[in-house]
Amino acid sequence: METLTNNFEKKKKLPPISIILSGVFLLIIITWVIFPSVFAPNALALDIKNTKLPAGSEGHLLGTDALGRDVAKMLIAGSSSAMIGPVCIAAGSLIIGLLLGSIAGWFGGFLDKIISAYADLTLSMPSLLLAIVAAAIIGGGYWINVLVMIVLYSPFDIRLVRSAVIQQKSKPYIESTRMFRLNSFRILAVHIFPNIAMVVMVNFFLNIAYGLMSMSSLSFLGLGVGPKEADWGRQIADGRELLTQNPAVALSAGIVIILTAVSINLIGSYLLERSGVDE
Amino acid sequence: MKLRRIIAIALAAVTLFSVAACGTTNKKPSDSAKETLVIGFPDSINELEAGQEGSVLQYYIQQIVNEGLVALGEDGKIHPALAESWEDENSTVWTFHLRKDAKFSDGSLVTVEDIIYSIERSADPERSPSIAYFYPEGFKAEKLDASTLKITLPWAQSNFIWSVSNNGGLFVTKKEWAESKNAIGSAQDLLLGSGPYKIKEFSPASHVTFTAQEHWWGGTPQIKNVRIDFIPDDQTRLLAFKQGDIDFAFDVPSGQINDYKAVSGTTVETYKDRSYVGLTFDLSVKPFDNVHVRKAVAYAVDAQGIIDSILDGHGEKASAFTAPEQFVTVLSPDAARAKLNALTHYEYNIAKAKEEFELSGEKPFSTTIYYSNSNQRLGKASLVIADALKEIGITVDVKETSLEQWLNEMGSGTKGIDWMDYRPPTLDPAEIAIWFLDTTGDGTNPANWKDESVQPYLEAVYAKSSAEGLEDLLKGIDIAQEQAIYAPLWWGEGAVAYNSSVKVSGFSSYTFLSQNWPKNFTLNK
Amino acid sequence: MLTSKLKYIFTRLLECLVSLVFLSFIIFSLLYLAPGDPAKSLVGVKHATPELLAKIHAQYHLDDPFLSQYGRWVKNALSLDFGNSIKAGYPVVDYVAPHAAITFELVGLTLLLSVIIGVWLGVVSARNKGKILDKAIDLSSLAGTSMPGFALGLVLLYVFSYQLGIFPMYGIGDKSNPLDVLWHLTLPAITLTIGDAAMLIKITRSAMLKEVSGDYTVFMRARALPTSKIIRAQLKNASPPILTSTGLFLASLFGANVLVENVFSIPGLGQLLTSSVTFGDVPVVQFIALMLAVLICLTSALVDILVYLLNPNTHQLSQSTKI
């Protein structure tokens, strides 16, 4: 009871300042992702005459890296590899989750057993470790990592959707639609999905944050994007050896990763609270 | 109530933990009487035997623990070790007269049987996969009497003496001991040898400690204890040095030289490390079968630019695929440098590069350069090369792979342009050439180069001594470079840093490969 | 009641066993399909003659068909013979043991710290629901979950070991002195704990909130029992989800551990596993995977038993949460 009224009150209020700041920060990142060439033209141009310039050097706000590339521009250019992969991971995992989760939840029986067994098995495994091993065996690469992550992330979505579908299935209004022999797909699409959309969307959001952290971890280990591309995780790894000459290389990328993940998480948990779903 | 017990246990653990914290902070390495030399290496190993993996760090370790028949001296020349003297007939039959007073660290005498056993152990590819090649198929080692050993080779091999040194393929151990152990080189079964030190403790991928042993024929060494810490991460190693955790840092990366210098009381020494870095073209990959394409690439690479920016000036532009210092047994480095600079090579010239590419008649194409993740410098250099080749119409993608994958695919017909970064473990001037110039079969050289004309020179190098075969060697190198099979970029320069608690005399590229190398260090009390 | 629980635990272990076989098969096939030849890495490209390679292939049966290789491995593994490491040439168990010891110590320390800090802050947070303290804990735990271990580790290393000199810089110290090793593992454990405890705070908080409004709490309050006693009772009832998720964190810790070991130059399993994978040292990779899987299985069974012993009346079965 108490939580219900609480939620009701919250809905009338403006979001807290931390949520607004997170939103603004994410908007900035998103504009970087969409218009990289506007904010950072020729971000990857080498300049071997001006390497390892410290932050604050003329024309280079955050200095340059070991190849003379402008760190600030690299940071902006790196936003797309930092964000696009995680969004694809979250989306891929969402699609698989919706598909397998609703099949398992709706039809039950043997299909449910197999799908649930797969989900349980994968969930009990250390996903980051498996991703590292898989990436090392296959030899890494950005899109391969995205695929591996989708495989490892989807079980959670499957479970989420499955239990939501089962929960909705037993409700009287669904029982009645079944009596009318409506086709399963229609019932799922029209009657069930709208009811679980919020949970699934919140999870989609949180998956982006996890994806960002996992992908940058792999890049840090040298299993992600190639050296030609800009990428935050890679930038931290490369910046480690420049810690004394230009600490901005590693620090700026580290800070941006942490801020982005915090912002996404803040907004995600705020949405979760507002949706009234019990954790 | 059970929960209470759990909490109690947890609290007890925390208390213990805090005690540990207090107990050890004060116990920093006791500097009161400095008896241990602590060296930080940028590499890491999980087992000690050089015969298994053959990493250079294993060679440094076995160098002071196990002896060969001969050893390398500080002067770069071969010196007696377990053999007091030796002679050869036509480089085919080798006779060694053994030292009678050599003892293993357990006090037992080194016998001919032990030596023959160790040679056979080295020649067995199952036990010693990385050094078995030192012993040609059909060689024979036999005992003549209690202190004489005869080795018969199937063909003449003038450089065979390196094979029976502990820089090549011989680490004498005790037969009886070795046969009773099944995990030699692991943390349980440490090495047993007759060298100046014995291993006290080995913690895989972390450190190894040595103590001087009293039974060595050369007398008990001055420095009592030596500890080698494996710190692969450059940044961590620098920080460890700053904190005084290590006395001596080996292979300081050029980019950190100034950071090391900034630590008070530090001496940084640079030296030519004999390594060769260059490009290898795989002739089985089109269009690199076209000599003009190869020349175009060779002309397009600004080696000096890479040295200045990526190596911070620490490297020397190379004119051949062997460094001048590699000739130390036959020539002074300056004399060797003059001879090497006279060989055919292609200096950076973008106009000529374009001209050659036009001559080749090839259309603009794209290729990929791979580099190993253990060598990030080459990754950066690859990006610079890619940038330069864009200008002449070659699009280059740069990819990072694991060291194993990179090595596995070397010369496999998949990489048109490949890196070669090699530091010879021995001081044989022909060490790289006998690999690069061997055109006798598939995959005998990394370029899939098949040209009979170079073989007579290589055969002469095998048959003659290093000094007599020098001109043949240089001619062979010249033929390969004239055809731009290999494009030399730079000869490496190494740097070491040490703090005021140690003194080092005359550090060189082979200090850690020389007999009883800790004698080059003095600890300041 | 007890027998049904035992049956449940038994089924869980059986399921676990099946997944073990499944996992080892997948890893084996991935490594089989992976490019590269460990024999070539061992001999070195420079001297890899076909004869030499053939001898090493025969020694490790590298040319046998896939199923016969896998069959041999399973057969030997059943008699606890895991073969020799291809890279080191001696038995896998001896090869892995020193690394495993370090990682288990680090993981154990982390688990201990996370449980203590996570549960403590979770309880504090729940008892101060809605107050500024609760919000502060919430925000910092959120930040904790958002920090990739490697980035955090680098910052901690730089600040606490280098700038302040409080902690050792690298490695594991003197192995013969357990206290010294513990001391070297402290900062890495703290790094791992920050991400881990954050999750536990959240779970403890929500589990405790349910108990705070429970009937017995009201009853105990009315009887004016000491707060410590009330918290203890609440914590006991809230323990199932806390224990279950702690068990699950153990699995995720082995992943995060790889990065932290990398940052702090700790010679643990992470370093060994990645290098063995790239080398193609199949026996070593298989053994590590098997060992971790057994450990994770046993832990989840142990958690189930613990949950049962603490609250025999509740039907709280294992619930996996996001790893």
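Residues numbered from 1 in each chain as written. Chains lettered and ligands numbered in written order. Predicted model: local features only at pLDDT ≥ 70, side-chain atom pairs only at ≥ 80, totals over all residues. Heavy atoms only, no water.

Visitor: What exactly am I supposed to notice about the overall build of chain B here?
Guide: Helices and strands together make up the secondary structure of chain B, namely 16 helices and 19 strands. The C-alpha radius of gyration computed for chain B amounts to 25 Å, which stays within 12% of the reference 24 Å derived for 525 residues, consistent with globular compactness. Overall, the C-alpha framework of chain B stretches about 80 × 70 × 50 Å when taken along its three principal axes. Within chain B, the proportion of its 525 residues that are buried is 61%. Sequence separation of 24 or more characterises 68% of the internal contacts of chain B that already satisfy a separation of 6 or more. In the form shown here, chain B has an accessible surface area of approximately 19,500 Å², with 50% of it arising from carbon and sulfur atoms. For chain B, the distance from the average site of its 48 positive side-chain charges to the average site of its 71 negative ones is 7 Å. (Helix = DSSP H or I, 4+ residues; strand = E, 2+ residues; numbered from the N terminus. Rg over C-alpha atoms; globule rule 2.2 N^0.38 Å. Buried < 20%, exposed > 50% of the residue type's maximum accessible area, 1.4 Å probe, protein only. Contact = heavy atoms within 4.5 Å. Areas by Shrake-Rupley, 256 points an atom, 1.4 Å probe, with all protein chains shown as cover. Lys, Arg positive; Asp, Glu negative; His and termini not counted. Charge placed at Lys NZ, Arg CZ, Asp CG, Glu CD.)

Visitor: Explain the pairing of strand 5 (residues 93-98) of chain B here, please?
Guide: Here is the key point about a regular strand: its side chains alternate between the two faces of the sheet. Residue and element names in this part refer to chain B. For strand 5, the buried fraction is high: 5 of the 6 residues fall into the buried class. Pairing analysis gives 6 bridges linking strand 4 (residues 83-89) to strand 5, with the strands arranged antiparallel. Bridging from a neighbouring strand, Glu 87 pairs with Thr 95 of strand 5. Counting the residues in the hairpin turn of strand 4 and strand 5 gives 3 residues, including Asn 90, whose phi is positive at 50 degrees. As defined by bridge partners, strand 5 adjoins strand 7 (residues 148-152) across 5 bridges and the pair is classed as antiparallel. Pairing of His 97 across the sheet is with Thr 148, part of strand 7. (Pairing = 2+ DSSP bridges.)

Visitor: Honestly, the packing of aromatic side chains in this entry has me stumped. Any pointers?
Guide: Between two aromatic rings, the relevant description is the distance of the centres plus the angle of the planes. All names here are of chain B. A complete count under the given rule lists 48 aromatic pairs over all chains for this structure. Between Tyr 133 and Phe 134 the ring centres are 4.4 Å apart and the planes differ by 25 degrees, which places this aromatic pair in the stacked class. Taken together through their ring pairs, the aromatic side chains of Phe 41, Tyr 60, Phe 248, Phe 250, Tyr 271, Tyr 498, Phe 507, Phe 512, Trp 517 and Phe 521 make up a single cluster. The ring of Trp 217 is capped by Arg 99, whose NZ or CZ atom sits 3.5 Å from the centre of that ring. (Phe/Tyr/Trp six-rings, centres within 6.5 Å; stacked < 30°, edge-to-face > 60°. Lys NZ or Arg CZ within 6 Å of the ring centre and 35° of its normal.)

Visitor: Any chance you could explain the interface of chain B and chain C here in plain terms?
Guide: Quite often, the size of an interface is put as the accessible area lost when its parts meet. Contacts between chain B and chain C engage 54 residues on the former and 55 residues on the latter. Both sides together, the interface formed by chain B and chain C hides about 5,000 Å², and carbon and sulfur atoms give 63% of it. For the interface between chain B and chain C, the tally reads 1 salt bridge. The partner of B:Glu53 in a salt bridge is C:Lys87, with the nearest N and O atoms 3.7 Å apart. One can count 10 residue pairs in polar contact (both at pLDDT 80 or more) joining chain B with chain C. For the side of chain B that touches chain C, the leading source of residues is helix 1 (residues 2-25) of chain B, giving 10 residues. The class makeup of the residues in the side of chain B that touches chain C is 24 nonpolar, 17 polar and 13 charged. (Buried area = accessible area lost by both parts, 1.4 Å probe. Salt bridge = Lys/Arg side-chain N within 4 Å of Asp/Glu carboxyl O. Polar contact = N/O pair within 3.5 Å; in protein donor to acceptor, adjacent residues only side chain to side chain. Nonpolar A, V, L, I, M, F, W, Y, C, P; charged D, E, K, R; others polar.)

Visitor: Looking at this structure, how should I read helix 15 (residues 455-463) of chain B?
Guide: Every buried residue of helix 15 of chain B is listed here: B:Gln455, B:Leu458, B:Ala460 and B:Val461. Residues of helix 15 of chain B that are buried in the fold lie against helix 14 (433-436) and helix 16 (470-482) of chain B.

Visitor: Where do I start with the environment of B:Leu57 in this structure?
Guide: Residue and element names in this part refer to chain B. Mapping Leu 57 onto the fold places it in helix 2 (residues 56-65). With 15 residues separating them in the primary sequence, Leu 57 and Pro 42 have C-alpha atoms 9.4 Å apart. Every residue in contact with Leu 57, bar those within four places of it in the chain, is listed here: Phe 41, Asp 43, Ser 44, Ile 45, Ile 228 and Phe 230.

Visitor: Could you clarify how one ought to interpret the sheet that holds strand 5 of chain B in this entry?
Guide: Strand pairing in a sheet is mediated by backbone hydrogen bonds. Such pairs are either parallel or antiparallel. Residues and elements named next belong to chain B. Taken in spatial order, the 4 strands make up an open sheet running 4-5-7-6, and their pairing is antiparallel. Edge strands, defined here as strands with exactly one partner in the open sheet, are strand 4 and strand 6 (140-145). Pairwise comparison of adjacent strand axes, ignoring direction, gives a mean angle of 20 degrees for this sheet. Strands strand 5, strand 6 and strand 7 of the sheet are contacted by helix 3 (residues 112-123), whose axis makes an angle of about 175 degrees with strand 6. (Axes fitted to C-alpha atoms, helices over the stretch in contact; angles between N-to-C directions.)

Visitor: What exactly am I supposed to notice about the packing of helix 8 (residues 291-300) of chain B against helix 12 (residues 376-392) of chain B here?
Guide: When two helices pack together, their arrangement is given by the angle between the helix axes and the distance between those axes. All names here are of chain B. Two elements in contact, helix 8 and helix 12, have axes whose closest approach is 9 Å; the angle formed by their N-to-C orientations is 125 degrees. Viewed along their axes, helix 8 and helix 12 adopt a mutual orientation that is oblique. As for the relative orientation of helix 8 and helix 12, their crossing is right-handed in sense. In this structure, helix 8 uses Ala 296, Val 297 and Ala 300 to contact helix 12, whose residues at the interface are Ala 388, Leu 389 and Ile 392. Counted by class, the contact of helix 8 with helix 12 contains 6 nonpolar, no polar and no charged residues. (Parallel < 35°, antiparallel > 145°, perpendicular 65-115°, else oblique. Left-handed = near helix turned anticlockwise from the far one by under 90°.)

Visitor: For this particular structure, what's the right way to read unusual backbone geometry?
Guide: Trans is the prevailing form of peptide bonds, just as negative phi is the prevailing case for residues other than glycine. Residue and element names in this part refer to chain B. The omega torsion across Lys 286 and Pro 287 is 0 degrees, close enough to zero to call that bond cis. A positive phi angle is found at Ala 484, which is not glycine, with a value near 55 degrees. Of note, Ala 484 is situated in the loop between helix 16 and strand 17 (486-498). Accessibility expressed as a relative area gives 1% for Ala 484, which makes it buried. The backbone phi angle of Asn 516 is positive, close to 45 degrees, even though this residue is not glycine. Tracing the backbone shows Asn 516 in the loop between strand 18 (502-504) and strand 19 (521-523).

Visitor: Would you explain the interface of chain B and chain A in this entry?
Guide: Contacts between chain B and chain A engage 23 residues on the former and 17 residues on the latter. A buried area of about 1,700 Å², summed over both sides, lies between chain B and chain A, and 51% of it is on carbon and sulfur atoms. Three residues stand out in chain B for area buried against chain A, namely B:Gln235, B:Lys380 and B:Leu383, and they jointly supply 31% of the buried area on that side. Across the contact surface, chain B and chain A share 3 salt bridges. Across the pair A:Lys52 and B:Asp312 runs a salt bridge whose closest N-O atoms are separated by 2.9 Å.

Visitor: Looking at this structure, I do not really get the side chain of B:Arg237. What am I missing?
Guide: In this fold, B:Arg237 is placed in helix 6 (residues 234-242). Filtering out sequence-adjacent residues up to four positions away, B:Arg237 remains in contact with B:Gly40, B:Phe41, B:Pro42, B:Ile231, B:Ile246, B:Ala249, B:Phe250, B:Asp251, B:Val252, B:Pro253 and B:Tyr260.

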